[in-house]
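A look at the structure
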Amino acid sequence: MSREYIVVDGYNVINSWDDFAGLKEIDLAHARDQLVHKVSEYAAFYDYQAVLVFDAMDVKGPASVTELAGAKVVFTAENETADTWIERYVYQLARGGGAKVFVVTSDYAEQNSILGSGAYRISSREFREKYLYAKKRISEKIEQRPGHSGRNEVAGRIHPGVLQNLEELRRK
């Protein structure tokens with residue numbers, strides 16, 4: 001089975017979600033980091049490879065690609081839009097590699113283009129709902145673990161042998 005991907009038009013999501021409304025004006029880098037972590041969490045839950053793409057239209061130089069929180073984070077090259085980068089990448093994955101690709105954007109022209117490449121589109125608003133659902137499911141799975149009291153206590157996260165040693169020290 002081929003790998004499944006979620007490709008996110010980063011600034012499109014940041015500009016669409018109310019979660020980032022005040023933050024993006026104060027600290028855009030922090031808003032980007034927050035989005036990367038949210039997408040990474042979602043991708044890990046569904047076992048997708050996460051790729052976030054941010055425009056660097058006004059920045060001189062080539063594209064940069066880094067790994068952050070298990071996601072590939074791309075800043076496009078000078079004079080290249082995130083849409084252009086995403087279209088090329090999705091075409092390579094879906095057509096060339098046969099991968100299943102989900103693209104998160106609310107840009108109508110971009111949605112049409114990626115659908116033509118054989119990928120699936122998710123609007124920014126729809127992705128927020130999917131993210132919140134995944135977050136809820138993650139919490140439910142954690143609460144269902146044996147020995148989990150429903151509270152986020154240290155005792156629930158350490159090895160039982162260490163816990164026993166600590167209890168013995170406490171009783172002395």
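Residues numbered from 1 in each chain as written. Predicted model: local features only at pLDDT ≥ 70, side-chain atom pairs only at ≥ 80, totals over all residues. Heavy atoms only, no water.

Observations concerning the pairing of strand β4 (residues 71-75)
Looking at chain direction, strand β2 (residues 49-54) and β4 are connected through 4 bridges and run parallel. Looking across to β4, one finds that Phe54 is bridged to Phe75. Alignment of strand β3 (residues 64-68) against β4, held across 5 bridges, turns out to be antiparallel. For Leu68, the partnering residue across the bridge sits in β4 and is Ala71. (Pairing = 2+ DSSP bridges. Helix = DSSP H or I, 4+ residues; strand = E, 2+ residues; numbered from the N terminus.)

A look at the pattern of salt bridges
In total, this model carries 8 salt bridges according to the counting rule given. A salt bridge links Arg3 to Asp47; the shortest N-O distance between them is 3.7 Å. Of this pair, Arg3 sits in the segment before β1 (4-9) while Asp47 sits in the loop between α3 (28-46) and β2, and the two are 44 residues apart along the sequence. Using a relative accessible area of 53% as the deciding quantity, one classes Asp47 as exposed. Linked through salt bridges whose partners overlap, the residues forming this network are Glu167, Arg170 and Arg171. (Salt bridge = Lys/Arg side-chain N within 4 Å of Asp/Glu carboxyl O. Buried < 20%, exposed > 50% of the residue type's maximum accessible area, 1.4 Å probe, protein only.)

Looking at the sheet that holds β4
Pairing is mixed in the open sheet, where 6 strands are placed in the order β3-β4-β2-β1-β5-β6. Each edge of the open sheet carries a strand with a single partner, namely β3 and β6 (120-122). Strand-to-strand twist of the sheet, defined as the mean angle between neighbouring strand axes without regard to direction, takes the value 20°. Relative to β2, β1 runs parallel, the two being bridged by 5 bridges. (Axes fitted to C-alpha atoms, helices over the stretch in contact; angles between N-to-C directions.)

Description of the environment of Ala119
Structurally, Ala119 is set in the loop between α5 (108-116) and β6. Under the relative-accessibility criterion, Ala119 is labelled buried at 4%. Residues Ala119 and Val36, 83 residues apart in the sequence, show an inter-C-alpha distance of 21 Å. Not counting chain neighbours up to four residues away, the residues in contact with Ala119 comprise Val90, Val101, Val103 and Ile114. (Contact = heavy atoms within 4.5 Å.)

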